[in-house]
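The primary structure of each chain is shown beneath.
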Amino acid sequence: MTQNTTLLELQGITKTFPGVKALDNVSLDVKQGEVLALVGENGAGKSTLMKVLAGLYTAEQGSIKYLGKEMQVHSPLDARLKGILLIHQELSLSPELSVAENIYLGAWPTNRFGLLQKRKLRKQTQQALEALGCDFAPDDRVGQLSIARQQMVEIARAQAFNANIVIFDEPTASLTDNEKAQLFETIEDLRSRGKGIIYISHKMDEIFEITDRITILRDGQVQGTKITADTSVDEITRAMIGRDLDTYFHRAKENFGEDVLAIDGLSADGLFSDVSFSVKSGEVLGLYGLVGAGRSEVVETIFGIRKAQSGRIIWKGREISHPTPAEAIELGIALVPESRKEQGLVLGMGGRENITLPHLHFFSTLSVMSKEKELETYEQFQQALDIKTTGPEQPVAKLSGGNQQKFVLAKWLCSSPNLIILDEPTRGIDVGSKSSIHELIANLAEQGLAVIVISSEMPEVLGVSHRVLAMANGRIVGSFSGQNQTEENLISAVSKT
Amino acid sequence: MSTPNKISFLAPIKNWLLRNHIWVFFLVVFGAFSLASPYFLTVNNLSNVLTQSAFIGILAIGMTLVMINGEIDLSVGAVLALASALAIGLQDSIGVWPAVFCGLLSGVALGALNGTIIALSGIHSFIVTLGALIGVRGLVFIYTGEDALMVSDFSYTEYPEIYLGPLSITAMIFLGLAFLFQWILTSTRHGREAYSVGDNIEAAHDAGINVKRNKIINFTICGGLAAVAGILLSMRLGTAEPNAGKIWELWTIIAVVLGGVRLTGGYGTLWMTIGGVLTLAVMRNGLRLLSTPNYVELMVMGAVLIMALLLDHFLSGISRKKTS
Amino acid sequence: MFKQDMTALLRRHGLLFAFGIFLAGVALTTDTFLTVGNFLDVIRQVSITGMIAIGVTFVVITGRFDLSVGSMLTFLTVIVVDQHNVSGPFMAIIYVMIGGIVIGAINGLLIGFIGLNALIVTLAMLSFLQGLTLFYSGGANVNVQNAQNTWFAFFGRADLFGIPVPALIFILTAIVASFVLTRTTFGRQIFAVGGNETASKFSGIDTRKTIFFAYILSGLTTALAAIIMGSRVMGAQNTIGQGYELTVLAGIILGGTSLLGGSGGIWRTILGITMLGFIQNGLLLLGYPYYVQWLVTWVVIILAVWIDLGAKRGKVFA
């Protein structure tokens, strides 16, 4: 095959979910021996697009042309056999099976009696592993390998299936520097052998290091494709955000009071170390960092879900050691967790029961619940936050992401806390709900609450916060406010590590 | 992590022991009874232990397959009783081997029925096989009419008397089946699929593995093996009690879990299961030789199971720390 | 529109209809079924299973099992009968209540606080309690010596306002339990833990304590059932509670409580247990031997859960 032939061409791909147009007329192409970066904010549609390619979703419109021919992908296996391999953030391996068995999962070489041809399997795997320069054996159990090596197993799958297109979705999120360097060598190697690679990442330094072209997605639409060598981080970031920050975000007026919470040298093994900061009443403190930087772990420790090994947590001048979540709630700390469905809500319960869950004693006398009081609070917040439901008992599982998130907020606001921590408050919700949540954050701070906002969306964290801390690899790597509170500074702070 | 692994010859042994701690436990129990009772460490007694362990052992093989799938089969005791009743009850009308065949067929059919209901309906196997546990016992009572069935041709009870050295045929069948199914687990497509299904069902499905078929096959095997155990039991006893095998499903689960097979699926081998079965058998036998009353046995079993679970809880905590 | 509603209704409650038809059939073919005496018999029968099922429902809603209740019933019945002779009825009752709470607490400690698998822990407890029963009784049956003149007979044998006392205790317990489950903070916590354990932790609920107390309730209602059982039989064999854990679970499942946790209710459990009781009674009256009910239970459970699951998904066959 000659260089620079187009391997894959997507034309006008459109995919809608109830209420959201996740992909809107998306077109892109991947050439042989090229690394194409796919960038965009969270919710821009990158993952959806890749799931369409890997056969997990079916697009409503548009065509996929592969090796010059129109193609349909029916299932993940189908995609794999056709030579398109997606390497997820969460690896799709069976830890109890061997490396060889995982690589050929479900497509093991067998003789006609269904017996595994182990020698053949081992030999084929050995070849694939050698080609990639892996330092583990085909017979090793995958569960015993490090995350980086497990990722190599997935990459070896690409080698084994002779994949033409390999898609990496945030591959470096849990890798060390050395491992990252190794991964890049592997990608370089795949490129030199004429594969087409799609590389999804938030990390600009990585993108500028290894990709040839960059396709930018925003709100499900392609904003353009640039040659990496001819563009800059600034240009790409601007295209990703595509709007004027000052008009879009509403920041609370500065009217700070006393320190509400201060943490000093907080450390937990393997999660974060020596984290110190404080937040005043009326202040919105932003905590920016990539997934896996340790942001959620820090706030979960403050809230008592996790235990710190060392360091102090000081609440209104008084040290509190190892609070339980119940004690944290009692003090006036509220945590709107990262995962709405797993940590935030009991999906089978209605709005009424979800809102009152952390404060059952407010709504009861001698442990007997008062449904009237509960309904009163429900009505109040349902109206104040404009939550769309069919009633207080409708299971929240049936609501849209934005309405669910508003219930999580209501759940924590109804006890009037002194400090509210919002972990990725707008992830995966529509633009309308997003801006009303931003407005709410400003209002809360103006009412005198201390607010901590965690976000991996830079414009959001810059737009709503008075001060932004950058976190990477479990450490605070920068503090920015006023003039210094810019995207460039944040990016350079987190990508230096 | 990226530093090369220090190759230590101890590491594989330590790894093996972390996975197969049951055998350490077995050796301890074995050693203790050898010291405590002069009757324990004799060829005769050990041969006996092995024969006695075979019934739970054969049930445990099927249970292991089902558990590797991440499911459970509570109906094995009842299926054993039905197969045993049919194998004896039908002898007079259709002859010995056709009756045995019918017994076997009943187990296979019930296993397939359980598996099919589970795969098609999506109802949890606990509920489906709990129903079968109750209902199949009903079938046994309907068939036997509450009374024990007796063989009329006593040559039937002589089959278990075949010995190869100290090994009874019953014990040989148990061990043979265990080796066969361990081989199936490690060397066939079906076996590897079973782990994949129990381990990471999404990944299995994405890889094009037929998850439903895999589960149905394992439940069918489990039912079939329960029938084998029932037939062997009927040969040994010469009678089929309607209450035969009652709460044996519990003993089976206890043996398998004691061995280290995880209820959550995807983890376990028949080496672990054999270890669990033999440990249980040795403990029962040893306690009896020391003429401890029946109740001590039951209490010790309960306590041992909890300890095994605690051990597994902390050991898996250690190995989790190691890999992260 | 009407037709659609009807089919939905039939599908949703098809089993209740079938049950109704069965009862009507029994009523038409026998003249003993539709008598007050027979109904009271069924209720008396159901009250012991139902009592245990009430406690186990709490455990099941947290998404866990309790398979030790059958053995626990045996053990506690043996204790109450034997202690009646030794320490008198009052102390016997106190001992049994304490016993039930302690056993429940051990289960709860291992499952709630240490986080061990509920299935295995309660299986181990089943075995352990069997041993403990034999240890206590020495393998012999125990009997109340002065069965004819003890106020202990009140719980299992007496009638109050023409209703058997065990049924009254059962209904009273059900009302209290239902109140606790639906109206108190503890009940809300039970549902929350079963519905989403992580979210419950993030809401400041001590999930371990909640699970712990669910098992204590299960032990407590089993203790009450043992008192009724001992009083009714005025004696106890070492197998008296065998298999109760299965009947209880069958009833709970039939009532529509999901074993995955997070949903269910006391009245549903009672409905399920009562249905089982009437099926048993009806089949016996029709002249079938007692074990035919087991076969019917099997079929009914599978159909009930399958239809329920199908109705939730919108179709019967997945």
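What counts, and at which threshold
- Residues numbered from 1 in each chain as written.
- Chains lettered and ligands numbered in written order.
- Predicted model: local features only at pLDDT ≥ 70, side-chain atom pairs only at ≥ 80, totals over all residues.
- Heavy atoms only, no water.
- Helix = DSSP H or I, 4+ residues; strand = E, 2+ residues; numbered from the N terminus.
- Rg over C-alpha atoms; globule rule 2.2 N^0.38 Å.
- Buried < 20%, exposed > 50% of the residue type's maximum accessible area, 1.4 Å probe, protein only.
- Contact = heavy atoms within 4.5 Å.
- Areas by Shrake-Rupley, 256 points an atom, 1.4 Å probe, with all protein chains shown as cover.
- Buried area = accessible area lost by both parts, 1.4 Å probe.
- Salt bridge = Lys/Arg side-chain N within 4 Å of Asp/Glu carboxyl O.
- Polar contact = N/O pair within 3.5 Å; in protein donor to acceptor, adjacent residues only side chain to side chain.
- Expected span 1.5 Å × (residues − 1).
- Patch = residues over 30% accessible without salt bridge, like charges linked within 9 Å, V, L, I, M, F, W, Y side chains within 5 Å.
- Lys, Arg positive; Asp, Glu negative; His and termini not counted.
- Charge placed at Lys NZ, Arg CZ, Asp CG, Glu CD.
- Pairing = 2+ DSSP bridges.
- Axes fitted to C-alpha atoms, helices over the stretch in contact; angles between N-to-C directions.
- Core = buried A, V, L, I, M, F, W, Y, C linked by side-chain atoms within 4.5 Å.
- Domains from an automatic or database assignment.
- Parallel < 35°, antiparallel > 145°, perpendicular 65-115°, else oblique.
- Nonpolar A, V, L, I, M, F, W, Y, C, P; charged D, E, K, R; others polar.
- Phe/Tyr/Trp six-rings, centres within 6.5 Å; stacked < 30°, edge-to-face > 60°.
- Lys NZ or Arg CZ within 6 Å of the ring centre and 35° of its normal.
- 1 Å grid on protein atoms, 1.4 Å probe; cavity = no way out; pocket = protein on both sides within 12 Å on 5 of 7 lines; lining within 4 Å.
- Points joined across faces, edges and corners; volume = space filled by probe spheres on them.
- UniProt positions renumbered as here; feature names shortened; annotations may be inferred.

**Focus: the overall build of chain C**
- Tallying secondary structure elements over chain C gives twelve helices and four strands in all.
- Taken against the 2.2 N^0.38 rule, which gives 20 Å for 318 residues, the C-alpha radius of gyration of chain C at 20 Å falls within 12% of a compact globule.
- Scored against the burial criterion, the 318 residues of chain C give a buried share of 57%.
- A separation of at least 24 residues holds for 78% of the contacts in chain C among residues at least 6 apart in sequence.
- Accessible surface, chain C as shown: approximately 12800 Å² in total, 67% of it carbon and sulfur.

**Points about the interface of chain B and chain C**
- Contacts between the two partners involve 44 residues from chain B and, on the opposite side, 40 residues from chain C.
- Here chain B packs against chain C, burying approximately 3800 Å² in sum over the two surfaces, 84% of which is carbon and sulfur.
- Across the contact surface, chain B and chain C share zero salt bridges.
- Here chain B and chain C share two residue pairs in polar contact (both at pLDDT 80 or more) between them.
- Listed by contribution, the elements that provide at least two residues to the side of chain B that touches chain C are α6 (96-121), α7 (125-144), α12 (248-259) and α14 (294-323) of chain B.
- Residue contributions to the side of chain B that touches chain C peak at 15 residues, all from α7 of chain B.

**Focus: helix α4 (residues 76-89) of chain B**
- Taking 1.5 Å of rise per residue, 14 residues should cover 20 Å, and α4 of chain B covers 20 Å from first to last C-alpha, within 8% of that figure.
- Burial analysis of α4 of chain B places 13 of its 14 residues in the buried class, which makes it a mostly covered element.

**Points about a negative patch on the surface**
- Together, D92, D153, E158 and E161 of chain B make up a region of like negative charge exposed at the surface.
- Inspection of the secondary structure assignment puts E161 of chain B in the loop between β1 (149-150) and β2 (163-164).

**Focus on the sheet that holds strand β12 (residues 272-280) of chain A**
Residue and element names in this part refer to chain A.
- The sheet built from four strands is open, its strands ordered β12-β11-β14-β15 with antiparallel pairing. The sheet is open, and its two borders are formed by β12 and β15 (318-320), each paired with just one other strand. Averaged over all adjacent pairs, the angle separating strand axes in this sheet is 20°, with direction ignored.
- In this structure, strand β14 (residues 310-315) lies alongside β15, joined through three bridges in antiparallel fashion. The residue of β15 that forms the bridge with I313 is I320.

**Considerations on the nonpolar core**
- With 250 residues, the main nonpolar core has F168 and I187 of chain A, F126, Y156, F181 and I253 of chain B together with F58 of chain C as its most contacted residues.
- Sort the elements by how many residues they give to this core and helix α3 (residues 69-113) of chain C lands first, with 15 residues.
- No fewer than three residues from each of domain 1 (6-241) and domain 2 (245-495) of chain A sit in this core.
- Core analysis: the next-biggest nonpolar cluster, separate from the first, contains 68 residues, I302, A410 and L419 of chain A together with F202 of chain C among them.

**Comments concerning the side chain of K46 of chain A**
Residue and element names in this part refer to chain A.
- Within the secondary structure layout, K46 lies in helix α1 (residues 46-53).
- Although K46 lies buried, it forms no salt bridge, and the closest oppositely charged side chain, E170, sits 4.9 Å away as judged by the N-O distance.
- If near-sequence neighbours (up to four positions away) are discounted, K46 is found in contact with L38, V39, G40, E41, I200, H202 and L217.

**Digging into the pairing of strand β10 (residues 221-227) of chain A**
Residues and elements named next belong to chain A.
- Bridge count for strand β9 (residues 213-218) against β10 is six bridges, and the pairing is antiparallel. Residue I214 lies in a different strand from β10, and its bridge partner there is K226.
- Hairpin connection from β9 to β10: two residues lie between these consecutive antiparallel strands, with D219 at a positive phi of about 50°.

**Description of the packing of helix α4 (residues 118-132) of chain A against helix α5 (residues 147-160) of chain A**
Residue and element names in this part refer to chain A.
- One way to put it is that α4 packs onto α5 with a least axis distance of 9 Å and a crossing angle of 110°. Put simply, α4 runs roughly perpendicular to α5. Judged by residue contacts, A128, L129, A131 and L132 of α4 engage M152, I155, A156, Q159 and A160 from α5.
- Broken down by class, the residue content of the contact of α4 with α5 amounts to eight nonpolar, one polar and no charged.

**Some points on the pairing of strand β6 (residues 84-87) of chain A**
All names here are of chain A.
- Going residue by residue along β6, you find I84 and L86 tucked away on one face and L85 and I87 tucked away on the opposite face as well.
- When β6 meets strand β7 (residues 165-169), the two strands line up parallel, connected through four bridges. Looking across to β7, one finds that I87 is bridged to F168.

**Some points on the packing of aromatic side chains**
- Enumeration over the complete set of coordinates arrives at 28 aromatic pairs over all chains.
- With centroids separated by 6.1 Å and ring planes inclined at 70°, the aromatic side chains of F33 of chain C and F278 of chain C adopt a geometry described as edge-to-face. Taken as a pair, F33 of chain C in the loop between α1 (2-29) and α2 (36-61) and F278 of chain C in helix α11 (residues 266-285) lie far apart in primary sequence, 245 residues in all. In this structure, F33 of chain C and F278 of chain C share a single accessibility class: buried.
- Measuring from ring centre to ring centre gives 6.1 Å for F152 of chain C and F155 of chain C, while their planes differ by 65°; the resulting arrangement is edge-to-face. With respect to burial, F152 of chain C and F155 of chain C carry one shared label: buried.
- Here the aromatic cluster, defined as three or more aromatic residues joined through ring pairs, consists of W23, F26, F30, F33 and F40 of chain B.
- The residue whose ring lies beneath R262 of chain B is Y267 of chain B, and the NZ or CZ to ring-centre distance is 4.1 Å.

**Observations concerning helix α11 (residues 211-237) of chain B**
All names here are of chain B.
- If you check α11, its first and last C-alpha atoms are 39 Å apart, about what 27 residues at 1.5 Å a residue would give, namely 39 Å.
- Across the 27 residues that make up α11, a large majority, 21, are buried.
- Looking one or two places after α11, you find G238, whose phi comes out positive at around 75°.

**Observations concerning the layout of surface pockets**
- Looking at the second largest pocket, its volume works out to about 1000 Å³.
- The wall of the second largest pocket is formed by 35 residues, among which Q242, G243, Y244, T247 and W294 of chain C lie closest to the centre.
- Within the residue set of the lining of the second largest pocket, elements represented by two or more residues are α7 and α12 of chain B together with α2, α4 (118-137), α10 (244-254), α11 and α12 (292-313) of chain C.
- Tallying contributions element by element places α10 of chain C first for the lining of the second largest pocket, with five residues.
- A breakdown of the residues in the lining of the second largest pocket according to their chemical character gives 18 nonpolar, twelve polar and five charged.

**Comments concerning the pattern of salt bridges**
All names here are of chain A.
- Tallying each qualifying case throughout the model produces 35 salt bridges over all chains.
- Between D29 and R213 there is a salt bridge whose closest N-O contact spans 3.5 Å. Taken together, the positions of D29 in strand β2 (residues 20-31) and R213 in strand β9 put the pair 184 residues apart, joining distant regions of the chain.
- The class of D29 is partly exposed, set by a relative accessible area of 21%.
- Its salt-bridge partner being R312, residue E319 comes within 3.5 Å of it at the nearest N-O pair.

**Here we look at the UniProt feature "transmembrane region" (unreviewed entry) in chain C**
- Here, UniProt's "transmembrane region" (unreviewed entry) annotation points to residues 53-81, 93-114, 120-139, 160-181, 212-234, 246-270 and 290-309 of chain C.
- Annotated as residues 290-309 of chain C, this span is 90% helix and 0% strand, and its ends, taken at the C-alpha atoms, are 30 Å apart.

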